[in-house]
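Summary of structural features
Each chain, letter by letter, is given below.
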Amino acid sequence: MVDTITQYERIRDEIDQAVAAVIRSGAYINGPVVQQFRENLAAYLGVEHVIPCANGTDALQIALMALQLRPGDEVITTAFTFVATAEVIALLGLKPVFVDVEPDTYNLNPQLIEAAITDKTRAIIPVHLFGQPANMAPIMELARQHGLYVIEDNAQAIGAAYTFADGQRLKTGAIGHIGTTSFYPSKNLGAYGDGGAIFTQDEELAARMWMICNHGSSRRYYHDVVGVNSRLDAIQAAILDIKLRHLDAYNQARIQAADQYDQLLKEEAGIGLPLRAAYAHHVFHQYTIRIKEGREKRDAIQAYLSQQHIPAMIYYPVPLHLQAAYRGYGYKPGDLPVTEQLSEEVLSLPMHSELTQEQTEHVSGHLKAALKQAAGIC
Ligand SMILES: *Cc1c(COP(=O)(O)O)cnc(C)c1O
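Residues numbered from 1 in each chain as written. Predicted model: local features only at pLDDT ≥ 70, side-chain atom pairs only at ≥ 80, totals over all residues. Heavy atoms only, no water.

So, the site of the ligand
Every one of the 13 residues lining the ligand counts as a neighbour, but G56, T57, D153, S182 and K187 are closest to it. G56 is positioned such that a nitrogen or oxygen atom in its backbone is 2.7 Å from an oxygen atom of the ligand. Between the ligand and K187 there is a distance of 3.0 Å, counted from an oxygen atom to a side-chain nitrogen or oxygen. When the free accessible area of the ligand is taken as 390 Å², the share hidden by the protein chains comes to 91%. For the shell around the ligand, the residue count by class is 4 nonpolar, 7 polar and 2 charged. (Near = heavy atom within 4 Å. Polar contact = N/O pair within 3.5 Å; in protein donor to acceptor, adjacent residues only side chain to side chain. Areas by Shrake-Rupley, 256 points an atom, 1.4 Å probe, with all protein chains shown as cover. Nonpolar A, V, L, I, M, F, W, Y, C, P; charged D, E, K, R; others polar.)

Some details on the domain arrangement of the protein chain
Each domain of the protein chain was delimited in the assignment, giving domain 1 (4–241) and domain 2 (247–374). Inter-centroid distance (C-alpha atoms) of domain 1 to domain 2 is 24 Å. Counting residues at the interface gives 47 residues for domain 1 and 37 residues for domain 2. Between domain 1 and domain 2, a total of about 3600 Å² is buried, with carbon and sulfur atoms accounting for 60% of that surface. Summed over the shared surface of domain 1 and domain 2, the number is 1 salt bridge. Here R10 and E354 are joined by a salt bridge, their closest N and O atoms 2.5 Å apart. Linking domain 1 with domain 2 are 25 residue pairs in polar contact (both at pLDDT 80 or more). Elements with a minimum of two residues in the side of domain 1 that touches domain 2: α1 (4–10), α5 (84–91), β3 (95–99) and β6 (161–163). With 5 residues, β3 is the largest single contributor of residues to the side of domain 1 that touches domain 2. A per-class count over the side of domain 1 that touches domain 2 returns 26 nonpolar, 13 polar and 8 charged. (Domains from an automatic or database assignment. Contact = heavy atoms within 4.5 Å. Buried area = accessible area lost by both parts, 1.4 Å probe. Salt bridge = Lys/Arg side-chain N within 4 Å of Asp/Glu carboxyl O. Helix = DSSP H or I, 4+ residues; strand = E, 2+ residues; numbered from the N terminus.)

Concerning empty space enclosed by the protein
Over the atoms rolls a probe the size of a water molecule, and in doing so it shows where empty space is left. A complete count under the given rule lists 2 cavities of 30 Å³ or more for this structure. Estimated volume of the largest cavity: approximately 100 Å³. What lines the largest cavity is a set of 13 residues, and nearest its centre among them are T4, Q7, P185, K187 and R254. Of all the elements in the fold, those that place two or more residues in the lining of the largest cavity are α1 and α9 (234–265). Residues that form the lining of the largest cavity fall into these classes: 2 nonpolar, 7 polar and 4 charged. For the lining of the largest cavity, the two domains that each supply at least three residues are domain 1 (4–241) and domain 2 (247–374). Approximately 50 Å³ is the volume attributed to the second largest cavity. The wall of the second largest cavity is formed by D104, T105, Y106, L129, F130, Q132, P274, L275, H282, Q286 and T288. (1 Å grid on protein atoms, 1.4 Å probe; cavity = no way out; pocket = protein on both sides within 12 Å on 5 of 7 lines; lining within 4 Å. Points joined across faces, edges and corners; volume = space filled by probe spheres on them.)

Overview of helix α10 (residues 295–307)
One turn of the α-helix equals 3.6 residues, which is why residues spaced by three or four share an orientation. Helix length check: α10, at 13 residues, gives a terminal C-alpha distance of 18 Å against a target of 18 Å (1.5 Å per residue), a fit within 8%. Here α10 has its buried residues at R298, I301, Y304 and L305. End-on view of α10: buried residues confined to an arc of 125 degrees, all on one side of the axis. Exposed residues on α10 whose side chains face more than 90 degrees from its buried face are E296 and Q307. Residues of α10 that are buried in the fold lie against β12 (287–291), α11 (337–345), β13 (346–349) and α12 (357–374). (Expected span 1.5 Å × (residues − 1). Buried < 20%, exposed > 50% of the residue type's maximum accessible area, 1.4 Å probe, protein only. Arc of directions from axis to C-beta.)

Considering the side chain of Q7
Within the element layout of this structure, Q7 appears in helix α1. Q7 has contacts with K243, Y250, S353 and E354, leaving out every residue within four places of it along the chain.

Observations regarding the pattern of salt bridges
If you walk through the whole model with that rule in mind, you get 16 salt bridges. One salt bridge connects E204 with R208, and the closest N-O pair in it is separated by 3.2 Å. Taken together, the positions of E204 and R208, both in helix α8 (residues 203–213) and 4 residues apart, correspond to about one turn of that helix. Under the relative-accessibility criterion, E204 is labelled exposed at 56%. With a closest N to O distance of 2.9 Å, K297 and E293 form a salt bridge. Since its relative accessible area comes to 22%, K297 is described here as partly exposed. Under the relative-accessibility criterion, E293 is labelled exposed at 59%. Through salt bridges that share partners, E9, R12 and D16 make up one connected network.

Some details on the sheet that holds β13
Spatially, the 3 strands line up as an open sheet ordered β10-β12-β13, and their pairing is antiparallel. One side of each edge strand has no neighbouring strand; the edge strands of this open sheet are β10 (271–272) and β13. Judged from the 2 bridges that link them, β10 and β12 form a sheet pairing that is antiparallel. The residue of β12 that forms the bridge with G272 is R290. (Pairing = 2+ DSSP bridges.)

Have a look at this one:
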């Protein structure tokens with residue numbers, strides 16, 4: 001699914017030198033390397049403040065903590081995402097309110113949000129799933145009308161961008177009140193370990209989030225709020241600072257691989273190809289197709305590919321509103337029909353920055369054979 005080793009081999013000298021320099025410097029936590037990465041990432045995204053932290057889940061949790069919500073307050077999000085998005089809401093004693101997604105972008109459907117807003121709603125967390133931006137213009141407009149915060153979960157879409165109707169183009173993560181990301185190794189900007197970051201244009205939120213990351217302290221051994229310990233270490237920051245210089249090229253390589261899959265698979269009637277929304281610069285964290293005939297056929301195709309040593313993954317097989325851990329919120333099958341249908345149809349093909357035309361052809365060839373076999377033709 002990913003090839004971090006080949007990617008490393010191409011930048012090995014730079015990385016090895018930077019890691020050795022950190023070790024020799026003795027500054028392993030915070031220090032100049034983390035500071036430099038913060039500044040470079042802020043400039044790349046077009047945000048005022050970048051707060052590095054330990055992982056993408058912490059980033060979401062710290063963002064929510066900074067909003068100073070009360071137990072029982074409601075946060076609207078999608079159930080078609082990695083569990084972390086809803087987990088932090090539940091963990092903080094808030095209530096996740098799941099809204100269905102659009103069938104073509106797999107992202108939060110802005111038209112369904114308003115009906116889910118109550119007098120307890122405080123925030124919306126759109127996820128830019130698989131590298132495609134959620135439709136942010138209507139989401140920001142709804143948030144403005146109802147006085148809600150927007151936290152963008154940008155863990156899968158760093159480097160993606162959204163173009164507004166007036167032509168303004170913003171990077172994802174720089175649009176809402178707060179943006180969060182993950183540097184998990186397989187993400188588009190991946191470390192060689194864990195890492196995450198939080199972005200905002202808002203000075204006050206930035207100060208509060210710094211404090212929360214640092215045990216609720218802005219002055220050593222004085223603690224103003226209950227915080228956590230969440231830091232990006234200097235070795236990961238040094239690695240990320242180098243990979244950030246290559247991020248646009250890595251994303252471009254993903255887009256090129258997606259173009260190849262599109263060309264190779266466009267005539268297959270049994271599958272739906274991933275759409276690129278007109279407003280979106282999609283960075284293809286995943287290339288996710290839909291097997292139109294549903295779960296049984298999808299699972300058979302995945303098993304066939306696996307026999308050919310081609311990894312294909314199901315992100316995500318069980319939507320969050322139907323997971324055992326979230327049963328207490330009262331959702332049942334049928335509540336989010338598009339999300340539920342997607343969970344039965346989606347299949348993500350190998351996708352990374354090092355994919356070659358030969359590999360996309362190899363995968364597509366076997367996928368076509370799998371479709372035929374599943375249809376009982378051969
Ligand atoms: C990966 C991911 C996270 C969590 O990131 P970690 O660094 O693994 O904690 C959160 N949200 C989404 C959508 C993700 O894909």
